Amino acid sequence: MSKKNDQRENVVIVGGGFLGTLAARTLSTQLDASKYNLILINERPYTLYLISALRMVVTKEGNLEEQSLIPFDKLFVNGNGTFKLGRVTAIEETAPGKGGAVVLQDGEKIPYAALVLATGASWPAPIDFPEADHVVDYIKTWRKRFEQAQDIYLVGGGAVGIETAGELRDTYPNKKITIIQRDRLLLNATYPDKFHKNLEGRLRERGVNIVFNESVDTLPEFGTKGLVTQSGKEFPSADLVVPTYGPRVNTAFISSLGSDVLTGTGTVKINPTFELQAHPGVFAIGDIIEWKEQKQAGKAAAHLGVAVPNLLSYLAGRPLAKVYKGSIELIAIPIGKDGGAFYADILWGIQLGGWFVRLIKGKDLFVPKARADRGY
């Protein structure tokens, strides 16, 4: 990356997803280009904007694949940054606080003076996207599966399951759609029961069936018919079963820093400065951190507002003064373009309906803003 006669130090960001790209753009405006090379490493030559992914895999309307795969060519302000295509498989730390190098799958090593880990999480199909060359075909395959199915079961009643049901109902008014949820309510215990019930009612109004207190251990193969739950409940007419449960964090390579950097669930142990415990100069942000909060793109500004100033302080040899104290829990869940519900954990717990979700998210899923935030 940096040439042999280039005496500048590298600031490396691993992960070009939602938060990694925003970190790169922010740092490109604040790092002194005469002292530092800013390098973003990602496995694809673009960021795949996941907030629009569920609509993108259900319908060709809006040609979202043309808008949601956002290249990096305009990401760095004034060209102050470089993109490197590759997968990081290990981190070799020289010593705590002394920099090190990230190791790519092909063996190349890229040194760093400071490191930002923003590798996010991987979701199950249909938004478990493959390598870059196959993404568009993958999207078309899922559209065809949804088009051909008549009795669709979504395994997981969190935000992904709810939003998928809404997109399907918008596109296919007459298909049978069922959510299977292992708990007694939708979502999780972060939100009050009244919000869960609100969403349940809105789904049922749109003809979406919900089966509570049932789990599915083994998903049937695509092209087969029938579904049996863990308890033995049978749904013989199911002709498409879709996993819509939660993600897994992309952190396996980070364990190369030591056996104590990850929790039992794979999240990264951090200080409130976003710096890894016992690893000065290595920062983690986004979905991968161990913090008691919901993993959401909406927390990006709060994470960056602490992590970026602290990284700059680290490079300047100053104490890390910014401390993260968490974020207010907000959630906007579209049920199609015009429906959904919003909740904010402020005052008595504010809830708003479909009109508000459509206004702030449902209509365009923030796609124009996502592109503008990355230079487009």
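For the structure itself, consult the block above.
Bear in mind the structure is a predicted one, so any value in this text is a computation, not a measurement.

Conventions we followed
Residues numbered from 1 in each chain as written. Predicted model: local features only at pLDDT ≥ 70, side-chain atom pairs only at ≥ 80, totals over all residues. Heavy atoms only, no water. Helix = DSSP H or I, 4+ residues; strand = E, 2+ residues; numbered from the N terminus. Rg over C-alpha atoms; globule rule 2.2 N^0.38 Å. Buried < 20%, exposed > 50% of the residue type's maximum accessible area, 1.4 Å probe, protein only. Contact = heavy atoms within 4.5 Å. Lys, Arg positive; Asp, Glu negative; His and termini not counted. Charge placed at Lys NZ, Arg CZ, Asp CG, Glu CD. Phe/Tyr/Trp six-rings, centres within 6.5 Å; stacked < 30°, edge-to-face > 60°. Salt bridge = Lys/Arg side-chain N within 4 Å of Asp/Glu carboxyl O. Expected span 1.5 Å × (residues − 1). Pairing = 2+ DSSP bridges. Axes fitted to C-alpha atoms, helices over the stretch in contact; angles between N-to-C directions. Parallel < 35°, antiparallel > 145°, perpendicular 65-115°, else oblique. Left-handed = near helix turned anticlockwise from the far one by under 90°. Core = buried A, V, L, I, M, F, W, Y, C linked by side-chain atoms within 4.5 Å. Polar contact = N/O pair within 3.5 Å; in protein donor to acceptor, adjacent residues only side chain to side chain.

A. Structural detail: the overall build of the protein chain. Tallying secondary structure elements over the protein chain gives 9 helices and 21 strands in all. Relative to the 2.2 N^0.38 estimate, which gives 21 Å for 376 residues, the radius of gyration of the protein chain is 22 Å and therefore close to what a compact globule would have. Over its C-alpha atoms, taken along the principal directions, the protein chain stretches across nearly 65 × 45 × 40 Å. Considering the protein chain as a whole, with its 376 residues, one finds that 52% of them fall into the buried category. Long-range contacts, defined here as pairs at least 24 residues apart, represent 65% of the contacts in the protein chain between residues at least 6 apart. On the protein chain, the mean spot of the 44 positive side-chain charges and the mean spot of the 40 negative ones are 4 Å from each other.

B. Representation of the packing of aromatic side chains in the model. Following the criterion strictly, the structure yields 13 aromatic pairs and no others. Taking the centre distance of 5.0 Å and the plane angle of 50° together, the rings of Y153 and F235 count as tilted. Taken together, the positions of Y153 in strand β11 (residues 151-155) and F235 in strand β15 (residues 234-235) put the pair 82 residues apart, joining distant regions of the chain. On the basis of relative accessibility, which here comes to 2%, the residue Y153 falls in the buried class. Relative accessible area serves as the criterion here: at 11%, F235 is assigned to the buried category.

C. Seen up close, the pattern of salt bridges. Tallied over the entire structure, the rule returns 17 salt bridges. In this structure, E108 and K84 form a salt bridge, with 2.9 Å as the shortest nitrogen-oxygen distance. Remark: K84 occurs in strand β5 (residues 82-85) and E108 occurs in the loop between β7 (100-104) and β8 (109-112); sequence separation between them is 24 residues. A salt bridge links R204 to E200; the nearest nitrogen and oxygen atoms lie 3.1 Å apart. Placement of the pair is R204 and E200 together in helix α6 (residues 193-205), with a separation of 4 residues, close to one helical turn. Among the residues examined, E200 registers a relative accessible area of 11% and is labelled buried. Here the salt bridges share partners, and the residues they tie into one network are E61, D170, R206 and K337.

D. Just helix α1 (residues 18-30), in detail. Under the 1.5 Å per step criterion, the end-to-end length of α1 is 19 Å for 13 residues, consistent within 8% with the ideal 18 Å. Turning to α1, its buried residues are L19, G20, T21, L22, A23, A24, L27 and S28. If you follow the buried residues of α1, they end up packed against β1 (9-14), β2 (36-42), β3 (46-48) and α7 (300-316).

E. Structural context of the sheet that holds strand β21 (residues 350-352). As summarised here, the arrangement of the 3 strands in space is β19-β20-β21, forming an open sheet in which the pairing is antiparallel. The sheet terminates laterally at β19 (330-335) and β21, the two strands that pair on one side only. The average undirected angle you get between the axes of adjacent strands in this sheet is 10°. Sheet topology places strand β20 (residues 339-344) next to β21; 3 bridges connect them, and they run antiparallel.

F. Just unusual backbone geometry, in detail. That bond from A125 to P126 is cis: its omega, 10°, falls within 30 degrees of zero. In this structure, N213 is a non-glycine residue whose phi angle is positive, near 60°.

G. Quick look at the packing of α1 against α7. Where α1 meets α7, the closest approach of the two axes is 10 Å, and the angle between their N-to-C directions is 45°. In this view, α1 runs oblique relative to α7, as classed from their interaxial angle. For the crossing formed where α1 meets α7, the hand is right-handed. When α1 is examined against α7, the residues F18, L19, L22, A23, T26, L27 and Q30 are found in contact with a partner set consisting of A300, H303, L304, V308, L311 and L312.

H. Structural view of the nonpolar core. If you look at the biggest cluster of nonpolar residues, it comprises 55 residues, and the most contacted ones within it are V102, L117 and I254. Element by element, the count of residues in this core is highest for α7, at 9 residues. Every residue in contact with L117, bar those within four places of it in the chain, is listed here: V14, I91, F253, I254, L276, V282, F283, A284, I285 and I288. Counting residues in each nonpolar core, the second largest holds 48 residues, with L54, I152, L154 and L168 among its members.

I. Representation of the side chain of S68. Within the element layout of this structure, S68 appears in helix α3 (residues 64-68). A polar contact is formed between the side chain of S68 and the side chain of S52, at a distance of 2.6 Å.

J. Examining the pairing of strand β9 (residues 114-117) more closely. Neither face of β9 is left uncovered, since the one carrying A114 and V116 and the one carrying L115 and L117 both have all their residues buried. Summarising the sheet, β1 and β9 pair through 4 bridges and their orientation is parallel. When the sheet's bridge partners are listed, V12 is paired in β9 with L115. Both β9 and strand β18 (residues 282-284) contribute to a ladder of 3 bridges, which runs parallel. The partner of L117 across the bridge, within β18, is A284.

K. Broad picture of the pairing of β7. Among the 5 residues in β7, 5 count as buried, and that is most of the element. The two faces of β7 match: G100, V102 and L104 on one face and A101 and V103 on the other face are all buried. The pairing of strand β6 (residues 88-93) with β7 spans 5 bridges and is classified as antiparallel. Across the sheet, E92 pairs through a bridge with A101, a residue of β7. Judged from the 4 bridges that link them, β7 and β8 form a sheet pairing that is antiparallel. Paired with G100 across the strands is Y112, a residue of β8. Between the antiparallel neighbours β7 and β8 lie 4 residues, among them G107 with a positive phi of about 95°.

Read these as layout, nothing more, since geometry by itself doesn't imply function.
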